[in-house]
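Breakdown of the fold
Now for the letters of each chain:
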Amino acid sequence: MEIHGSTYIVVKGFSFESSHITYTKEKGDYGLHGHSFNVEVKIEGTPDPDTYIIIDTSMIKELISKIIGELDHKIVLGEKQRNIAKILEKAGLDYTSIPFPQASMEALSQYIGTILWNKLKTENNVLGLETCVSQGINEYACYSVKKNRLPPA
Ligand SMILES: [Zn+2]
């Protein structure tokens, strides 16, 4: 059986609860509301020849728990929502902000995926990752990133 060079996708799921204030160009302001967000992390890679494991998933859990821990049970704002931050501060409400216009599913998947990728991109067996954030049944956004592979010499 030829096993060398096979690529796999390892998947691990997480969840957190947050509120956000979103708006769309089509329908305007959706106001403050919350979701149980689900996060699916998909790590693409080739298994280590000795262990036949791409990466220890407990390592993913540790990294994601840290990132999600800063979002969980908080109001998540975008950087264009600083005026709202001032109101929340006055009211003594806990919030956090991410460097995107607002905390949309797209922004959250890229935010989580980018931090995770910065930790995993130096792992030998890892070729890429995809981070999907869902805010409802069959409603999700996925951000993906891959290592740049040089063409054969
Ligand atoms: Zn929402």
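Scroll up to find the structure.
**A few points about the overall build of the protein chain**
The helix and strand inventory of the protein chain stands at three helices and six strands. N-terminal to C-terminal, the α/β element order of the protein chain is β-β-α-β-α-β-α-β-β. If one aligns the C-alpha atoms of the protein chain with their principal axes, the spans along those axes are about 60 × 30 × 30 Å. Scored against the burial criterion, the 153 residues of the protein chain give a buried share of 38%. At a minimum sequence separation of 6, the contacts of the protein chain that also span at least 24 residues come to 59%. Here the protein chain has roughly 9600 Å² of accessible surface; of this, 51% comes from carbon and sulfur atoms. Averaged over its 16 positive side-chain charges, the protein chain has a centre that lies 7 Å from the centre of its 19 negative ones.

**Overview of the sheet that holds strand 1 (residues 8–24)**
A sheet is described by the order of its strands in space; here six strands give the open sequence 4-3-1-2-5-6, paired in mixed fashion. Sheet topology places strand 4 (95–98) and strand 6 (139–146) at the edges, where each strand pairs with a single neighbour. For this sheet, the mean angle separating the axes of adjacent strands, direction not counted, is 35°. When strand 1 meets strand 3 (residues 74–78), the two strands line up parallel, connected through three bridges. Bridging from a neighbouring strand, S19 pairs with I75 of strand 3. Packing against the sheet, helix 1 (residues 57–69) makes contact with strand 1 and strand 2 (28–45), and its axis sits at approximately 10° to strand 1. The sheet strands contacting helix 3 (residues 105–120) are strand 1, strand 2, strand 3, strand 4, strand 5 (126–136) and strand 6, and the helix crosses strand 5 at an angle near 150°.

**What to know about the packing of helix 1 against helix 3**
Interhelical geometry of helix 1 versus helix 3 gives an angle of 135° and a closest axis separation of 10 Å. Judged by the angle between their axes, helix 1 and helix 3 are oblique. Crossing of helix 1 over helix 3 shows right-handed handedness. In this structure, helix 1 uses M59, I60, L63, I64 and I67 to contact helix 3, whose residues at the interface are Y111, I112, I115, L116, K119 and L120.

**Notes on the coordination of the zinc ion**
Donor atoms from the polypeptide that coordinate the zinc ion comprise H20 (NE2), H33 (NE2) and H35 (NE2), at 2.0 Å from the metal. If you list the donors of the zinc ion from N- to C-terminus, the spacing comes out as H-x12-H-x1-H. A residue pair is termed long-range when its members are at least 10 positions apart, and H20 in strand 1 and H33 in strand 2 qualify at 13 residues. Residue classification places H20 among the buried positions, given a relative accessible area of 3%.

**Describing helix 1**
Working note: α-helix, 3.6 residues per turn, so residues spaced by three or four point in the same direction. The terminal C-alpha atoms of helix 1 lie 18 Å apart, and with 13 residues this matches the ideal 18 Å at 1.5 Å per residue to within 8%. Of the positions making up helix 1, those classed as buried are I60, L63, I64, I67 and I68. Along the axis of helix 1, the buried positions cluster into a sector of 125°, meaning they face one direction only. Counted as exposed and oriented over 90 degrees from the buried face of helix 1: E62 and K66. Contacts made by the buried residues of helix 1 are with strand 1, strand 2 and helix 3.

**With respect to the state of the cysteines**
Taken as a whole and assessed by the stated rule, the structure comprises one disulfide. A disulfide bridge connects C132 with C142, and the sulfur atoms are separated by 2.0 Å. Judged by the torsion about the S-S bond (110°), the C132/C142 disulfide is right-handed. With C132 in strand 5 and C142 in strand 6, the pair connects residues that are ten residues apart, well separated along the chain. Residue classification places C142 among the partly exposed positions, given a relative accessible area of 36%.

Cut-offs and rules
Residues numbered from 1 in each chain as written. Predicted model: local features only at pLDDT ≥ 70, side-chain atom pairs only at ≥ 80, totals over all residues. Heavy atoms only, no water. Helix = DSSP H or I, 4+ residues; strand = E, 2+ residues; numbered from the N terminus. Buried < 20%, exposed > 50% of the residue type's maximum accessible area, 1.4 Å probe, protein only. Contact = heavy atoms within 4.5 Å. Areas by Shrake-Rupley, 256 points an atom, 1.4 Å probe, with all protein chains shown as cover. Lys, Arg positive; Asp, Glu negative; His and termini not counted. Charge placed at Lys NZ, Arg CZ, Asp CG, Glu CD. Pairing = 2+ DSSP bridges. Axes fitted to C-alpha atoms, helices over the stretch in contact; angles between N-to-C directions. Parallel < 35°, antiparallel > 145°, perpendicular 65-115°, else oblique. Left-handed = near helix turned anticlockwise from the far one by under 90°. Donors = N, O, S within 2.8 Å, 3.2 Å for Na, K, Ca; no water. Expected span 1.5 Å × (residues − 1). Arc of directions from axis to C-beta. Disulfide = S-S within 2.5 Å.

Coordinates in, geometry out; function isn't part of it.
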